[in-house]
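# Understanding the architecture of this molecule
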Amino acid sequence: MDRRSEPNRSAIYATTLVAFLAIAGIAVVDPILPAIGEAIGVTAWQVELLFTAYIAVMALGMIPATLASGRFGFKPVLITGVSVVGLAAILASFSDNIVQLSVLRGVWGLGNAMFFATAMVVLVNLAVDREWVVGLFETALGLGFAVGPLIGGLLGEVSWRLPFFVCGVFMVLALGVASRKLREPTNRQASVRVGQIFATYRRPAFIALCVVTAAYNFVFFVVLGYTPLFLGLDVIPLGLAFTGWGLGLAAGIMVIGHRLAHRIGAVQTVGVAITGLLVCMVLFATSASTAEALVVLVLAGLCMGLANANLTDLALGLGSSDRRVATGAFNLVRWGAAAPAPIISGKLAEQSLSLPFWVGFGVLAVGVLVYLAFAHVMAAGYGERVLWSRWNRAAAKTEHSAEEPVGEAY
């Protein structure tokens with residue numbers, strides 16, 4: 001498709017830029033986790049509160065943010081979210097203890113909930129080509145995860161406070177872009193009800209996707225939240241290590257993810273991704289050197305990129321016809337499952353440095369088993385076939401009988 005036919009390109013690129021800045025702001029924290037723990041004198045599981053508080057509040061904030069977007073519009077909620085993130089990040093740079101930092105990271109998570117509950121829906125409604133705009137959004141996230149750790153490592157060498165402050169500055173820039181360039185979709189929608197969001201979980205294909213995604217996202221944040229402590233590197237090398245991870249993630253999204261989906265289907269691409277990540281958990285747990293763990297880190301990023309390139313599109317295709325409802329229901333599971341991963345990893349590490357990876361392996365193994373049992377159901381609901389396609393006819397009947405309208409279509 002010719003991108004010049006997109007009438008709202010300016011607003012689409014502006015929203016994508018804000019997404020990039022938001023994710024870069026999250027990822028700056030990774031390289032400075034050990035430095036924060038050392039500076040304020042806390043244990044591994046306590047410093048992991050910075051991730052868990054952020055993700056837990058973000059998950060809980062998804063539903064009210066989705067409801068607010070239906071009542072007040074997308075742009076006001078998105079701009080409010082960006083403002084909250086910027087304020088929380090700047091205040092975090094002046095914190096003196098782990099309680100203050102964790103509370104402000106929770107506020108930060110609430111702001112990001114407002115952003116992520118609205119940004120994808122805005123993009124999909126402004127664009128003519130849904131696949132392109134979803135790929136653009138996920139690419140921005142991948143690049144944010146690549147650039148953020150590099151910035152965090154370089155600035156964290158000066159002080160662990162500086163990355164938080166710079167993140168706040170990023171969000172001030174994002175606020176300026178959002179205020180000027182973002183556009184409300186022209187087709188005003190009816191308010192969203194809580195019952196619509198939970199009714200989405202009646203769909204067998206969507207439930208299967210949520211279970212697989214929950215297991216995957218738990219492991220995602222074992223890698224993102226615990227590996228900085230596991231590697232034991234200084235701030236700048238750690239920033240470079242996670243830049244490599246982020247580049248692997250971006251490559252999986254930008255270069256491979258959608259191309260592979262066009263060849264074998266989005267559902268089977270997710271299967272390849274979670275199987276590869278399962279292997280990475282074993283390789284992390286058994287790694288004999290830092291160099292080996294770094295190679296596995298980049299490989300894990302590549303597998304995660306393959307998954308991220310397709311999960312959002314699958315959620316939009318298998319969830320409610322109202323994309324606000326589908327996004328809210330999916331993000332509630334996505335981030336809710338991720339929230340306990342960092343703090344659990346921190347506690348497990350007190351027993352054995354490799355134990356968090358073995359637990360991550362066990363959680364993801366459950367996701368892989370669910371995938372093997374229900375991939376044909378997801379594929380049938382998404383209009384694809386899987387290798388065991390003889391089950392597709394029965395899966396299609398199951399999905400068809402379970403589907404009921406739960407919201408207004410865009």
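Residues numbered from 1 in each chain as written. Predicted model: local features only at pLDDT ≥ 70, side-chain atom pairs only at ≥ 80, totals over all residues. Heavy atoms only, no water.

Under an unreviewed UniProt entry, the name given to the protein is Multidrug efflux protein YfmO, and the source organism is Micromonospora noduli. In its Subcellular location (unreviewed entry) section, UniProt records this for the protein: "Cell membrane". (UniProt positions renumbered as here; feature names shortened; annotations may be inferred.)

For the rest of this paragraph, the subject is the packing of aromatic side chains. Following the criterion strictly, the structure yields 15 aromatic pairs and no others. The interplanar angle of 85 degrees and the centroid separation of 6.2 Å between the aromatic rings of Tyr-13 and Trp-132 together place this pair among those described as edge-to-face. Highlighted residues: Tyr-13 in helix α1 (residues 9-27) and Trp-132 in helix α7 (residues 130-156), separated in sequence by 119 residues. Residue classification places Tyr-13 among the partly exposed residues on the basis of a relative accessible area of 40%. Residues Phe-220 and Trp-245 carry aromatic rings whose centres are separated by 5.7 Å and whose planes lie at 75 degrees to one another, so their mutual orientation is edge-to-face. In this pair, Phe-220 is assigned in helix α10 (residues 204-231) and Trp-245 in helix α11 (residues 235-264), connecting sequence segments 25 residues apart. Here Phe-220 falls in the buried class, since its relative accessible area comes to 4%. In this structure an aromatic cluster arises from ring pairing among Tyr-216, Phe-220, Phe-221, Phe-242, Trp-245 and Trp-335. The ring of Tyr-54 has Arg-105 lying over it, and the distance from NZ or CZ to the ring centre is 4.7 Å. (Phe/Tyr/Trp six-rings, centres within 6.5 Å; stacked < 30°, edge-to-face > 60°. Helix = DSSP H or I, 4+ residues; strand = E, 2+ residues; numbered from the N terminus. Buried < 20%, exposed > 50% of the residue type's maximum accessible area, 1.4 Å probe, protein only. Lys NZ or Arg CZ within 6 Å of the ring centre and 35° of its normal.)

Partitioning the protein into domains gives domain 1 (8-182) and domain 2 (192-388). Taken together, the contacts link 47 residues of domain 1 with 50 residues of domain 2. Where domain 1 abuts domain 2, roughly 4,200 Å² becomes buried across the two surfaces, and 73% of that area is made up of carbon and sulfur atoms. Summed over the shared surface of domain 1 and domain 2, the number is zero salt bridges. Joining domain 1 to domain 2, the criterion identifies three residue pairs in polar contact (both at pLDDT 80 or more). Elements with a contribution of two residues or more to the side of domain 1 that touches domain 2: α2 (33-40), α3 (44-47), α4 (49-72), α6 (98-126) and α7. Tallying contributions element by element places α7 first for the side of domain 1 that touches domain 2, with 16 residues. Counted by class, the side of domain 1 that touches domain 2 contains 30 nonpolar, 11 polar and six charged residues. (Domains from an automatic or database assignment. Contact = heavy atoms within 4.5 Å. Buried area = accessible area lost by both parts, 1.4 Å probe. Salt bridge = Lys/Arg side-chain N within 4 Å of Asp/Glu carboxyl O. Polar contact = N/O pair within 3.5 Å; in protein donor to acceptor, adjacent residues only side chain to side chain. Nonpolar A, V, L, I, M, F, W, Y, C, P; charged D, E, K, R; others polar.)

Let us now look at the packing of α4 against α6. Where α4 meets α6, the axes come as close as 6 Å, and the angle between the chain directions of the two elements is 35 degrees. The way α4 lies across α6 gives a crossing that is right-handed. Split into classes, the residues belonging to the contact of α4 with α6 amount to 17 nonpolar, eight polar and one charged. (Axes fitted to C-alpha atoms, helices over the stretch in contact; angles between N-to-C directions. Left-handed = near helix turned anticlockwise from the far one by under 90°.)

A few words now on the side chain of Ser-102. Note that Ser-102 resides in helix α6. In this structure Ser-102 comes out as buried when scored by relative accessible area, which is 12%. Ignoring any residue separated from it by four or fewer positions in sequence, one finds Ser-102 in contact with Leu-49, Leu-50 and Ala-53.

Tracing the sequence through the fold places Asn-308 in helix α13 (residues 290-318). When neighbours within four sequence positions are excluded, Asn-308 is seen to be in contact with Glu-138, Tyr-216, Phe-220, Leu-249, Ile-253 and Arg-334.

In this section: the environment of Ala-293. By secondary structure assignment, the location of Ala-293 is in helix α13. Placed 13 residues apart in sequence, Ala-293 and Cys-280 show a C-alpha to C-alpha distance of 9.4 Å. Aside from chain neighbours lying at most four places away, what touches Ala-293 is Phe-230, Leu-231, Phe-284 and Ser-287.

Applying the stated criterion across every chain yields a total of zero disulfides. With no disulfide partner, Cys-280 has as its closest neighbouring cysteine sulfur the one in Cys-303, 4.5 Å distant. Looking at Cys-280, the relative accessible area reads 0%, which means it is buried. (Disulfide = S-S within 2.5 Å.)

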